[in-house]
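Here is how the chains run, residue by residue.
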Amino acid sequence: MTITTTVSPESYEEVQAAICAHDQIVVRGGGTKPALSTAGAGAVLATHRLTGIVEYAPGEFVFTARAGTPLQEIAAALAAHGQYLPFDPPLVAAGATLGGTIAAGLSGAGRQRYGGVRDFLIGVRFVDGQGRLVRGGGKVVKNAAGFDLPKLLVGSVGRLGVIVEASFKVFPQPPRYATVRAPQPSLDAALTTIARLNGATFDIEALDLLIEDGAPVLYVRQGGLATTLGARQQSLMTWLGGGAPLPAVEEANFWADASAFIWAPAEWALVKTPVTLETIPVLEQVLHAHGARRRYFGGGAAAWIAWPGDLAPLDAFLTQLQLGGLVLRGATTWPFVGARTGASLAARVKRVLDPTNRFPIL
């Protein structure tokens, strides 16, 4: 049976009623990650009417917004006060929402310095599979100790409940950015340089490894005052033993295109997987052999993989490496590939929050 019903609640009470009225529910935010909201039966619960910033205290560096709020709207409100979401959520321009970003657990290249989405989420409200409105955390950075429900929902892909509201801490945004492009003689040399940079004191905003025409290239981004950024870039290039600054316009476009996945063919599957500097060389062999495109980010902590064709070979290989992947788009009815670390804990939590499996199996 295919999905035939879409419900678009405007209030938290309507979300509760919609969940109780359907045996199976699939949650959809902005639709920018279609593989996460694919199912064969039930109803789609669309969050596009659950929008708006509920509370924003620039002086406290925190905000609360409803889950369907587009990240573009939040970014604009923060920018008016010189603030931003440092974890650099992807697909902002495409219409990604706050709730969808939490549910997918997605962070961008900016996670390098400050951490990912789970490090900035301080409170959440969600409706579980029994129609209960549940609150975890709060609206201030210092909250009471206890089971960390907000973190539990990061990466839950709509399988534990419907996120309806979230609170985040934010940071001041650097007034300027600059990026050094540094070609590397080999993959081993690139990984060695990344390891050294991860332990250096350059205040790096982003550190990405790309394979361009078969050769590894590092992109190292710094942020700060225009009066000091040039000297800091020069110091970095001296330390690297080479490299060149990207022109200002090219620099901005480079990171915007990365966030929008311009480099990944739209008809290919797009997968995010955590990696380590040790697993990248082995992974590279398979990705190269299959003609996949890839981008390693976060100082070698994660990879975006654009995969052509059937995902089965990638699934098998990631399982062999004990790596897991999340499929954001592509022909699949199951958004996970590779190993599922923590799956048993997630299953136990799901039995408490969604005992009748109204949401898809986790």
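Rules of the game
Residues numbered from 1 in each chain as written. Predicted model: local features only at pLDDT ≥ 70, side-chain atom pairs only at ≥ 80, totals over all residues. Heavy atoms only, no water. Pairing = 2+ DSSP bridges. Helix = DSSP H or I, 4+ residues; strand = E, 2+ residues; numbered from the N terminus. Axes fitted to C-alpha atoms, helices over the stretch in contact; angles between N-to-C directions. Contact = heavy atoms within 4.5 Å. Polar contact = N/O pair within 3.5 Å; in protein donor to acceptor, adjacent residues only side chain to side chain. Salt bridge = Lys/Arg side-chain N within 4 Å of Asp/Glu carboxyl O. Buried < 20%, exposed > 50% of the residue type's maximum accessible area, 1.4 Å probe, protein only. Core = buried A, V, L, I, M, F, W, Y, C linked by side-chain atoms within 4.5 Å. Phe/Tyr/Trp six-rings, centres within 6.5 Å; stacked < 30°, edge-to-face > 60°.

Colleague: Tell me about the sheet that holds strand β5 (residues 62–66), and please be specific about residues and values.
Modeller: The sheet built from 5 strands is open, its strands ordered β4-β5-β9-β7-β8 with antiparallel pairing. Each edge of the open sheet carries a strand with a single partner, namely β4 (53–57) and β8 (133–137). Averaged over all adjacent pairs, the angle separating strand axes in this sheet is 15°, with direction ignored. Bridge count for strand β7 (residues 121–128) against β8 is 5 bridges, and the pairing is antiparallel. Across the sheet, residue G123 finds its bridge partner in β8, namely G137. Against the sheet, helix α2 (residues 71–79) contacts β4 and β5, and its axis sits at roughly 25° relative to β4.

Colleague: Describe the side chain of D128, listing the residues and the values that go with them.
Modeller: Relative to the elements of secondary structure, D128 occurs in strand β7. Within the structure, the side chain of D128 is placed 2.7 Å from the side chain of R132, a separation counted as a polar contact. Every residue in contact with D128, bar those within four places of it in the chain, is listed here: I19, V134, L160, G161, L353 and F359.

Colleague: Any details on the pattern of salt bridges? Residues and values, ideally.
Modeller: Using the criterion set out here, one finds 10 salt bridges in the structure. Between R294 and E284 there is a salt bridge; the shortest N-O distance is 2.7 Å. You can see R294 sitting in strand β16 (residues 293–297) and its partner E284 sitting in helix α9 (residues 280–289), a full 10 residues away along the chain. Judged by relative accessible area, R294 falls into the buried class, the value being 13%. The salt bridge partner of D354 is K350, with a shortest N-O separation of 2.6 Å. Both residues of the pair, D354 and K350, count as buried.

Colleague: A description of the sheet that holds strand β2 (residues 25–28) should follow, citing residues and the corresponding values.
Modeller: Reading across from one edge, β1-β3-β2 is the order of the 3 strands in this open sheet, with parallel pairing throughout. Because the sheet does not close on itself, it has two edges, and the strands there are β1 (5–7) and β2. Adjacent strand axes in the sheet meet at a mean angle of 30° when their direction is disregarded. In the sheet, β2 pairs with strand β3 (residues 43–46) via 4 bridges, with the strands oriented parallel. The residue bridging R28 from the neighbouring strand is A46, located in β3. Along the sheet face, helix α1 (residues 12–21) touches β1, β2 and β3 and points at about 170° away from the line of β3.

Colleague: Can you break down the nonpolar core residue by residue, with the values?
Modeller: If you look at the biggest cluster of nonpolar residues, it comprises 47 residues, and the most contacted ones within it are F63, I74, L85, L98, I102 and F168. Sorting elements by how many residues they give to this core places helix α3 (residues 98–104) first, with 4 residues. Not counting residues within four places of it along the chain, the set of residues in contact with I74 comprises I53, F63, A65, T69, L85 and L98. The next biggest cluster of nonpolar side chains, apart from the first, holds 37 residues, and it includes L197, I204, M237 and F317.

Colleague: Describe the pairing of strand β13 (residues 215–224), and please don't skip the residues or the numbers.
Modeller: In terms of burial, β13 is largely enclosed, as 9 of its 10 residues are buried. Sheet analysis places strand β11 (residues 176–183) next to β13, joined by 8 bridges and oriented antiparallel. Bridging across to β13, A182 finds its partner in L218. The pairing of strand β12 (residues 204–212) with β13 spans 8 bridges and is antiparallel. Residue E212 lies in a different strand from β13, and its bridge partner there is A215. Counting the residues between successive antiparallel strands, the hairpin from β12 to β13 contains 2 residues, one of them, D213, with a positive phi of roughly 55°.

Colleague: I'd like to hear about the environment of A178, residue by residue, with values.
Modeller: Within the secondary structure, A178 sits in strand β11. Measuring from C-alpha to C-alpha, the distance between A178 and Q222 comes to 5.4 Å, with 44 residues separating the pair along the chain. Non-local contacts of A178, meaning those with residues more than four positions away in its chain, are made with V220, R221, Q222, L229, Q233 and E251.

Colleague: Kindly report on the packing of aromatic side chains, identifying the contributing residues and their values.
Modeller: Aromatic ring pairs are described here by two measures, namely the spacing of the ring centres and the angle between the planes. If you walk through the whole model with that rule in mind, you get 12 aromatic pairs. Ring centres of F63 and F168 lie 5.8 Å apart, and the angle between their planes is 15°; this geometry places the pair in the stacked category. Of the two residues, F63 sits in strand β5 while F168 sits in strand β9 (residues 161–169), which places them 105 residues apart along the sequence. Both residues of the pair, F63 and F168, count as buried. Joined through ring pairs, the aromatic side chains of F63, F87, Y114, F120, F168 and F171 make up one cluster.

Colleague: An account of the pairing of β3 is requested, with residue identities and associated values reported.
Modeller: Covered by surrounding structure in β3 are A43 and L45 together with V44 and A46, the residues of both alternating faces. Where β1 meets β3, 3 bridges bridge the pair, whose relative direction is parallel. For T5, the partnering residue across the bridge sits in β3 and is A43.

Colleague: Lay out the environment of V286 with the relevant residues and their values.
Modeller: Within the secondary structure, V286 sits in helix α9. Classification of V286 by relative accessible area gives buried; the value is 15%. C-alpha separation for the pair V286 and V7, spaced 279 residues apart in sequence, amounts to 42 Å. Here V286 is in contact with W307 and F317, once residues within four sequence places are set aside.

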